[in-house]
Amino acid sequence: MSFSDKVEIPSLELTVITVTDEGNFDEHDDRPFVKDLLKKHSKTIKSVQKIIIADENIGKKLYNSEKHDDIWILRYVLTHKSKAKAAAKAALKTIKFRDEMKLDEEYGDIRNRSMNYGWYREPDNGEPDVEPLPSWELYESFCRKNACVVTQPDPDRGIIVYCNVGLVDMNGMMESMTEEQMKHWIIFTNEAIYQVLDEVTRRTGRLTKIIKILDFAKVSILGFNRTYVKRDAAIGKATEDFFPQMLGTFCIANAPFWLSAFWKAVRPFFPRRFAEKVDFLPSNATKNLHKPMQRYVSEANLVKQYGGKNGQWPPPSVSASLMAEVSATKVLTDNGW
């Protein structure tokens, strides 16, 4: 596939819209309103801002009032439970990291490059002709068909990631993918997702997060690579400050009998904030909707194999949905509508 003619998605003006009509949303959608959070944490946000601006090594050189606005700081304040010094430390670390990675200057808006895994080599895979994320093709090479979906069925809510762990070649990945390559892939995957969540948060005025559903139905204890898990945990700890308030919940479906004990053993290796959000779904969740999941996705949009009513599989990637929206807007514009 050639990427010589890259398709770009127009940058969106990110502004906060105060949402007052709660009836526009699913009754189970309890995302907090940004305006309420900003008001509640205003003093701490200002304290964090002052610390950042006063910092000699990072803040004075790299602070940007447009990029590092109150909503950006809010996520750090929430993550660090209104502790200004801890929130500012994490924010400064992120500013430095983003500058070193050139995430803003070189890469910019990469939302439309967030594609599914395990279909790319299939004909008519539904993916648009856009340049993939950095390291995406390497990770994709270890995924079998139907391995992983990154989708946003409702443009006003968060992203859903479905991953069938048994269809990802963890052994091959450990043999052929360095820790730095894996970290690179995770960073850019999270960056693309984070940009989508930030846009939705600002446009709807509600703090929006991601839900991840990992299916272990086809995973045996012999085929489960412990080195992969430990590496993933280490990268998670190294990067946890860079994408605050991104993960809503991490659901484990069809867990085999041994996984609970394994999780207890490896849990200390993972960031505490991540570990607290891991939820083992009940055995009947694949047929009957697990009610807590409705905080992040409606029953209508959740796929049937996890208790929802959406019969489409695979659902379109974030990239496909965004590019379809761009195409539809272009048609309307071209016709003078």
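Quick summary incoming for the structure in this document.

## Observations concerning the packing of aromatic side chains
Inference 1: In total, this model carries 18 aromatic pairs according to the counting rule given.
Inference 2: Residues Phe224 and Trp258 carry aromatic rings whose centres are separated by 5.5 Å and whose planes lie at 50° to one another, so their mutual orientation is tilted. In this pair, Phe224 sits in the loop between strand 3 (210–215) and helix 10 (226–239) while Trp258 sits in the loop between strand 4 (247–253) and helix 11 (259–266), placing the two residues 34 residues apart along the sequence.
Inference 3: Residue Trp258 is classed as buried on the basis of its relative accessible area, which comes to 9%.
Inference 4: Taking the centre distance of 5.1 Å and the plane angle of 75° together, the rings of Phe224 and Phe262 count as edge-to-face. One end of the pair, Phe224, is in the loop between strand 3 and helix 10; the other, Phe262, is in helix 11, with 38 residues separating them in the sequence. With respect to burial, Phe224 and Phe262 carry one shared label: buried.
Inference 5: What links up through ring pairs into an aromatic cluster is the set Tyr117, Trp136, Tyr139 and Trp185.
Inference 6: The ring of Phe33 is capped by Lys35, whose NZ or CZ atom sits 5.5 Å from the centre of that ring.

## Looking at the environment of Asp36
Inference 1: Position of Asp36 among the secondary structure elements: in helix 1 (residues 34–40).
Inference 2: A C-alpha to C-alpha distance of 9.6 Å links Asp36 and Gly205, two positions 169 residues apart in sequence.

## Side note on the environment of Lys287
Inference 1: Summarising the element assignment, Lys287 is placed in the loop between strand 5 (278–280) and helix 13 (318–334).
Inference 2: C-alpha separation for the pair Lys287 and Gln305, spaced 18 residues apart in sequence, amounts to 6.9 Å.

## Considerations on the pattern of salt bridges
Inference 1: Applying the stated rule across the entire model yields 21 salt bridges.
Inference 2: One salt bridge in this structure joins Asp109 and Arg111, with 2.6 Å as the shortest N-O distance.
Inference 3: Take Arg111: its relative accessible area is 5%, and that puts it in the buried class.
Inference 4: The closest approach of N and O atoms between Glu276 and Arg272, which form a salt bridge, is 3.1 Å.

## A closer look at the sheet that holds strand 1 (residues 148–151)
Inference 1: Strands sit in the order 1-2-3-4-5 across an open sheet of five strands; the sheet is mixed. Every interior strand has two partners, whereas the edge strands, strand 1 and strand 5, have only one. Neighbour to neighbour, the strand axes of the sheet diverge by 15° on average, direction disregarded.
Inference 2: In terms of strand pairing, strand 4 meets strand 5 through three bridges, oriented parallel. Bridging from a neighbouring strand, Cys251 pairs with Asp279 of strand 5.

## Re the pairing of strand 3
Inference 1: With five of six residues buried, strand 3 lies mostly within the body of the structure.
Inference 2: In terms of strand pairing, strand 2 (residues 160–164) meets strand 3 through five bridges, oriented parallel. Residue Ile160 lies in a different strand from strand 3, and its bridge partner there is Ile211.
Inference 3: Strand direction decides the pairing type here: strand 3 and strand 4, joined by six bridges, are parallel. Considered in strand 4, the bridge of Asp215 is made with Ala253.
Inference 4: Between the parallel pair strand 3 and strand 4, the chain is carried across by helix 10, and the sense of this crossover is right-handed.

Thresholds, definitions, all that
Residues numbered from 1 in each chain as written. Predicted model: local features only at pLDDT ≥ 70, side-chain atom pairs only at ≥ 80, totals over all residues. Heavy atoms only, no water. Phe/Tyr/Trp six-rings, centres within 6.5 Å; stacked < 30°, edge-to-face > 60°. Helix = DSSP H or I, 4+ residues; strand = E, 2+ residues; numbered from the N terminus. Buried < 20%, exposed > 50% of the residue type's maximum accessible area, 1.4 Å probe, protein only. Lys NZ or Arg CZ within 6 Å of the ring centre and 35° of its normal. Salt bridge = Lys/Arg side-chain N within 4 Å of Asp/Glu carboxyl O. Pairing = 2+ DSSP bridges. Axes fitted to C-alpha atoms, helices over the stretch in contact; angles between N-to-C directions. Right-handed = clockwise from strand over helix to strand, strands pointing away.

Bear in mind that shape data such as this cannot, by itself, settle questions of function.
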